[in-house]
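Residue-level listing of the chains:
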Protein chains: 4
Amino acid sequence: MIVVMQRNATAEQIAAVMKKVETQGLRTHLSRGEERTIIGVIGDDRPLDREQFEVLDGVERTVPILKPFKLASREMHPLDSLVPIDGLKVGAQKLAIIAGPCSVESRQQILETAFAVKEAGAIALRGGAFKPRTSPYSFQGMGEEGLQLLAEAREATGLPVVTEAMSPEQVELVGRYADVIQIGARNMQNYALLNTAGQSGRTILLKRGMMSTIEELLMSAEYILAQGNSRVILCERGIRTFEKYTRNTTDINAIPVLKQMTHLPVILDPSHGTGKWEYVTAVARAGVAAGADGLIVEVHCHPDQALSDGAQSLRPEKFAQMMAECRRVAEAVGRIV
Amino acid sequence: MIVVMQRNATAEQIAAVMKKVETQGLRTHLSRGEERTIIGVIGDDRPLDREQFEVLDGVERTVPILKPFKLASREMHPLDSLVPIDGLKVGAQKLAIIAGPCSVESRQQILETAFAVKEAGAIALRGGAFKPRTSPYSFQGMGEEGLQLLAEAREATGLPVVTEAMSPEQVELVGRYADVIQIGARNMQNYALLNTAGQSGRTILLKRGMMSTIEELLMSAEYILAQGNSRVILCERGIRTFEKYTRNTTDINAIPVLKQMTHLPVILDPSHGTGKWEYVTAVARAGVAAGADGLIVEVHCHPDQALSDGAQSLRPEKFAQMMAECRRVAEAVGRIV
Amino acid sequence: MIVVMQRNATAEQIAAVMKKVETQGLRTHLSRGEERTIIGVIGDDRPLDREQFEVLDGVERTVPILKPFKLASREMHPLDSLVPIDGLKVGAQKLAIIAGPCSVESRQQILETAFAVKEAGAIALRGGAFKPRTSPYSFQGMGEEGLQLLAEAREATGLPVVTEAMSPEQVELVGRYADVIQIGARNMQNYALLNTAGQSGRTILLKRGMMSTIEELLMSAEYILAQGNSRVILCERGIRTFEKYTRNTTDINAIPVLKQMTHLPVILDPSHGTGKWEYVTAVARAGVAAGADGLIVEVHCHPDQALSDGAQSLRPEKFAQMMAECRRVAEAVGRIV
Amino acid sequence: MIVVMQRNATAEQIAAVMKKVETQGLRTHLSRGEERTIIGVIGDDRPLDREQFEVLDGVERTVPILKPFKLASREMHPLDSLVPIDGLKVGAQKLAIIAGPCSVESRQQILETAFAVKEAGAIALRGGAFKPRTSPYSFQGMGEEGLQLLAEAREATGLPVVTEAMSPEQVELVGRYADVIQIGARNMQNYALLNTAGQSGRTILLKRGMMSTIEELLMSAEYILAQGNSRVILCERGIRTFEKYTRNTTDINAIPVLKQMTHLPVILDPSHGTGKWEYVTAVARAGVAAGADGLIVEVHCHPDQALSDGAQSLRPEKFAQMMAECRRVAEAVGRIV
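Residues numbered from 1 in each chain as written. Chains lettered and ligands numbered in written order. Predicted model: local features only at pLDDT ≥ 70, side-chain atom pairs only at ≥ 80, totals over all residues. Heavy atoms only, no water.

Help me understand the relation of the copies chain D and chain C, please; the structure alone is not making it clear to me.
The operation linking the two copies of the chain is a rotation about an axis combined with a translation along the axis. Of the two same-sequence chains, chain D is brought onto chain C (RMSD 0.1 Å, axial shift 0.0 Å) by a rotation of 180°. In the structure described here, the two chain copies are related by an operation that fits a two-fold rotation axis. Taking C-alpha positions as the reference, the residue of chain D nearest the rotation axis is Met211 of chain D, at 2.9 Å. Here 100% of the interface residues in chain D have copies in chain C that are interface residues too; the copies meet face to matching face. (Least-squares fit on C-alpha atoms with pLDDT ≥ 70 in both. Contact = heavy atoms within 4.5 Å.)

Okay, here's the thing in structure tokens:
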């Protein structure tokens, strides 16, 4: 980091900052400008708490120079990581299209949808058994019974299963049934959950929080990686902004930004990103064109009976059309659907 | 809710919507305008999923009429709820000023600070033993040892203790040591934690998520209330906006809005709301003037050695001055510090 | 609109609202629910000020039912409008790719860039002569001399010219030299400018304000259309959000949303949308895939000497590559570059 | 500024950056860290365009060290500026409470309101003659006739007049009738208007744009100051965020932040800040407590007939009560109403 001193900082104040850096085993580099003096810190200062310096007398502010994450960074790991979902290597040429209902609601529903998305070309089945809902009065998911139905759908279709764990103690349970454990947007900074997910060694689908920065997403990935689990797939799913016509604002910029900053694969969720099924296909195409390594899409055979997220779910025939359109765009950018 | 039909909706489409409402045991009321037909739903439609209607053919959108929360609403419960912290009734004339360090760091640190904030007039001690941190490399709190030190500080000073639980399994442990269990901003929608907090019957300090609307904060309170625990104190602590000069944007509007919408007491956290100690006192005064029932403020005897949040912590002498200023403002609005 | 009454509204209060509606020549429709009474207004209530109703005793809130814009709406004008830029019809199959420097800086600079973008396949040349700059100390554009150089570049290359007018009195001047008059993001709600642009009868490129909703963009278009000028091209150029890694957040959702809501053509500006040249090509591809009718892209032969927006400008060879990639994506979605 | 080089930057790339700095007449200071090399620029680099450096090979990013504004900064001008409105010095102990209707609507309306706000203690009358409205179909103000009515109200009551100019050519006209020329939130970055306001030498009330940062507000003030006009009053009026329950989010932090960063006086607009009259008084009190130098408040004798902003207008008796409450809070913080 560098420490920017106030215009009128005294020699004693400058010396005090330098001394505090040096007592941490790092070196300093002083640069006196006409209006400001700045102190550069030489060495790996990531463990330092910058705030301890910001409150020293005479300090105006500090500026980080090093990125706060290491394991997730492409700088430290230049080659793309390929993360397995069953047989597929996510991050390689073939896109990972994951599809299914928001929630598992019944045996018939999940089986019918699983066959439909498989036929259209999805490589994995999504479906929630534990559902985080804003209202305590809303459907909260089928719980373990839902997990069993997902396992049955996998058996029937051969599709690997992606489903969410909402708390550390669910990780082991969900891991028994699922191929990929999803950490949802509301839990992106649930650190106990991230640590447990890291310890599980399973493939983790980590969704960006709706008001989390790209850097915070990578810091959350760092929690999982720091536990020795490098099987992390990142997911952009829209952020919260002042624009309310759509449920969220798909941050399409995040796709090329993440591909540059990290070696981890990145997929897009156009269902949550828009919140309305009419816009899902267009934004799915955009995600493929922008370089996403896959998509996760909500599909429901009867959206008007869906217990959650009906408005953003595609019917199977619309999903099949989306797949056809994305296939053409994928070819245009050198990928395969 | 009302269902707004598209301009060109057919009679069949209108009939289908009405039928779907009526099969849920509710009544409808049809209103044909010149450009739009709207269908009003009569009865308590909170359990209905509006999205199921939004995907019906011919529907443009739905508009909720009833507020989604009941137990938290002032409409259902017109009188102010007074929530106990030890002897004090939060929500009554005397303001609840809670102060202490971000994290418990050592025996000496917490005792020294506890005595200092008590002397300045704080009614409770805050301090984190379990800390949610963006980086896995940052100090994560002292854990149960921190709780023991907090208990010791209570013993020594008589101040009740407010401290955070980060996961459902910590609720029982934290509850053994603390008078008030805090649910932090990042966990405002950690529903497993909300449910456990509700079952605990303890006083809960529920902080607004940095990405959460006022209505979502009330829905999270509803989770706790729905478990039969009405001891909930709400806390505005700043929201995330485009403005980055301060760490967060204190939503001062939320104070009168919450006081109007709910019977639960509402306090303000000017430390997180601003992120810089220089602005804490001014925003604390503003909170009192706006009608807050209390404040929660970070105080540290040596901010330049704080393991977290040093930049937003007041030194004890600054805190004492803040108390003096808030006392005068409180009197001006008919409250007592 | 509908008027939602408070839970405890009296019969007199309800009658007063109905009377106020009826004195405006509109009819009402009363619907009594179990918890709320709502009053529907029948007829074109766009001219009513909803706020006049919100302050009546007993009123909780009002909800608009009709969209506030008419001329811009697809409902009133179902077919796509094709807006001319020189010979090209924007909104038809061929995409309008407009490119050039942020600012005109010299004769050599604009001619060199104009030939380069023409060779790569751009259909029009962009370049600012009047520049809105945050700082009074920054380069403010060459003024009329810049317009003359743009005219010279058109002469030399045959490319039509797109350039910005910043105030009503510049419209006539800019119109003398330019084929398309741009209204920039900071001026999207400069109503005097919108009116003058409307009166000019020229093709107008209206950029979305960084703080403006999609509906506000359409209301600003409505100002121009209401003056009898239907030659309006809309431009999404990124909105301001909490995410600061990129300069703005490209609202890719806005492309399909606008195509659904309005008959006007919609183009994307990936240069301002991202603010960094490294991400421009990926987001340009995304815009084409999402259904944009064109792109406006900043290109500079020497970004390290650019007097504005150097960081987001593509060098000509990168722009040529962008064109090649967008051409393939365009074909995949049935369009032509 | 400092230039942060990429991890793998070559000696040639570093030399090229240094050379580019030095050809601008500034000096450099090189600091080699373990992971990054940084180049400090010595001297006043405000005129440099940082983007020109960001596109050089091997550069990761640049970081500004100096604040971009000078004339508005407290660093350059430590003492508070007192800006006159008629006899009152805004910024001194007595608060500037400005009140009146959103729009001038009729002779009777403006006179009745002027007398009412005067009696309650306002020191100036506000009222718009030219109104920026989102919809072309809304009331756009009475124009010059409105200005004449304002002048008549001043004559009758002795209150100085604050009213908005929306374009450069209105400045002279508005200046003939008004004591203070307001530049509205939508025009905060209308640079032609800022320049003309600067040249007018009149007291200017500059409102913060709804999505403008504090620093951008100060840069806009710098435009006026750079024309030699130091009579600038800043106004916080709420920013646009994801929270939609209130019309805007009052950024109360901005009050102490601005008081620290600039010598110019700062007032608060709680009417636009909240958008609902029920919350205006609480937020007005908060503004006074936070250290604002005044308030600007919308008052209307008949909000249910107001042609604009009725929902956020106080009736005169509510305004009188607000004044009484603010008077007590003002005394508590050493100010006078």
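What is the right way to read the nonpolar core from this model?
Within the largest apolar cluster, 312 residues are counted, with the highest numbers of intra-cluster contacts made by Phe319 of chain A, Phe319 of chain B, Phe319 of chain C together with Phe319 of chain D. If near-sequence neighbours (up to four positions away) are discounted, Phe319 of chain C is found in contact with Ile97, Ala99, Val117, Ala120, Ala122, Val297, Val299 and Leu314 of chain C. (Core = buried A, V, L, I, M, F, W, Y, C linked by side-chain atoms within 4.5 Å. Buried < 20%, exposed > 50% of the residue type's maximum accessible area, 1.4 Å probe, protein only.)

Could you clarify how one ought to interpret the interface of chain A and chain B in this entry?
Where the parts come together, the accessible area they lose is often given as the size of the interface. Contact with chain A, which involves 45 residues of that partner, is made by 45 residues of chain B. Across the chain A to chain B interface the summed buried area is about 3900 Å²; carbon plus sulfur atoms make up 52%. Its largest share of buried area at the contact with chain B, chain A owes to Val55, Tyr137 and Met211 of chain A, together 16% of the area lost on that side. In this assembly, chain A and chain B are joined by two salt bridges. The partner of Glu216 of chain B in a salt bridge is Arg240 of chain A, and the shortest N-O contact between them spans 2.6 Å. Scanning the region where chain A abuts chain B turns up 28 residue pairs in polar contact (both at pLDDT 80 or more). Among the secondary structure elements, those contributing two or more residues to the side of chain A that touches chain B are α2 (50-54), α5 (168-177) and α7 (214-226) of chain A. (Buried area = accessible area lost by both parts, 1.4 Å probe. Salt bridge = Lys/Arg side-chain N within 4 Å of Asp/Glu carboxyl O. Polar contact = N/O pair within 3.5 Å; in protein donor to acceptor, adjacent residues only side chain to side chain. Helix = DSSP H or I, 4+ residues; strand = E, 2+ residues; numbered from the N terminus.)

Sorry, what's going on with the interface of chain D and chain C here?
Contacts between the two partners involve 45 residues from chain D and, on the opposite side, 45 residues from chain C. Three residues stand out in chain D for area buried against chain C, namely Val55, Tyr137 and Met211 of chain D, and they jointly supply 16% of the buried area on that side. Scanning the region where chain D abuts chain C turns up 28 residue pairs in polar contact (both at pLDDT 80 or more). At the level of secondary structure, the elements contributing two or more residues to the side of chain D that touches chain C comprise α2 (50-54), α5 (168-177) and α7 (214-226) of chain D. Sorting elements by how many residues they give to the side of chain D that touches chain C places α7 of chain D first, with four residues.

Honestly, the sheet that holds strand β1 (residues 2-5) of chain B in this entry has me stumped. Any pointers?
Backbone-to-backbone hydrogen bonds join strands into a sheet, with any given pair of strands oriented parallel or antiparallel. All names here are of chain B. Sheet architecture is open: four strands sit in the order β2-β3-β1-β4, paired in antiparallel fashion. Single-partner strands in this sheet number two, and they are β2 (27-32) and β4 (59-63). Each strand axis lies, on average, 20° off the axis of its neighbour in the sheet, ignoring direction. As paired elements, β1 and β4 share four bridges and run antiparallel to each other. Bridging from a neighbouring strand, Met5 pairs with Val59 of β4. Relative to the sheet, helix α1 (residues 11-22) contacts β1, β2, β3 (37-42) and β4, its axis offset from that of β2 by approximately 155°. (Pairing = 2+ DSSP bridges. Axes fitted to C-alpha atoms, helices over the stretch in contact; angles between N-to-C directions.)

Sorry if this is basic, but what is going on with helix α1 (residues 11-22) of chain A here?
Since the α-helix advances by 3.6 residues per turn, residues separated by three or four positions end up pointing in the same direction. Residue and element names in this part refer to chain A. If you check α1, its first and last C-alpha atoms are 16 Å apart, about what 12 residues at 1.5 Å a residue would give, namely 16 Å. Among the residues of α1, those classed as buried are Ile14, Val17, Met18, Lys20 and Val21. One face of α1 carries all of its buried residues, which in axial projection span an arc of 160°. Opposite its buried face, α1 presents the exposed residues Ala11, Glu12 and Lys19, each directed more than 90 degrees away. Along its buried surface, α1 packs onto β1 (2-5), β2 (27-32), β3 (37-42), α2 and β4 (59-63). (Expected span 1.5 Å × (residues − 1). Arc of directions from axis to C-beta.)

Looking at this structure, I do not really get the sheet that holds strand β1 (residues 2-5) of chain D. What am I missing?
Residue and element names in this part refer to chain D. Strand order in the open sheet formed by four strands is β2-β3-β1-β4, and the pairing between neighbours is antiparallel. Unpaired on one side and paired on the other, β2 (27-32) and β4 (59-63) mark the two borders of the sheet. Adjacent strand axes in the sheet meet at a mean angle of 20° when their direction is disregarded. Packing against the sheet, helix α1 (residues 11-22) makes contact with β1, β2, β3 (37-42) and β4, and its axis sits at approximately 155° to β2.

Can you walk me through the pattern of salt bridges in this structure?
Pairing between side chains becomes possible if they bear opposite charge and their charged atoms approach one another. Counted under the stated rule, the structure contains 92 salt bridges over all chains. The network of salt bridges with common partners includes Arg7 and Glu35 of chain A together with Asp44, Arg46 and Lys70 of chain D.

Teacher, can you tell me more about the packing of aromatic side chains here?
Two measures describe an aromatic ring pair: the distance that separates the ring centres and the angle between the ring planes. All names here are of chain A. Taken as a whole and judged by the stated rule, the model has four aromatic pairs over all chains. Between Tyr191 and Tyr223 the ring centres are 4.6 Å apart and the planes differ by 25°, which places this aromatic pair in the stacked class. Linking Tyr191 in helix α6 (residues 191-200) with Tyr223 in helix α7, this pair joins segments that are 32 residues apart in sequence. Judged by its relative accessible area of 2%, Tyr191 falls in the buried class. (Phe/Tyr/Trp six-rings, centres within 6.5 Å; stacked < 30°, edge-to-face > 60°.)

Shape descriptors only; they carry no functional weight alone.
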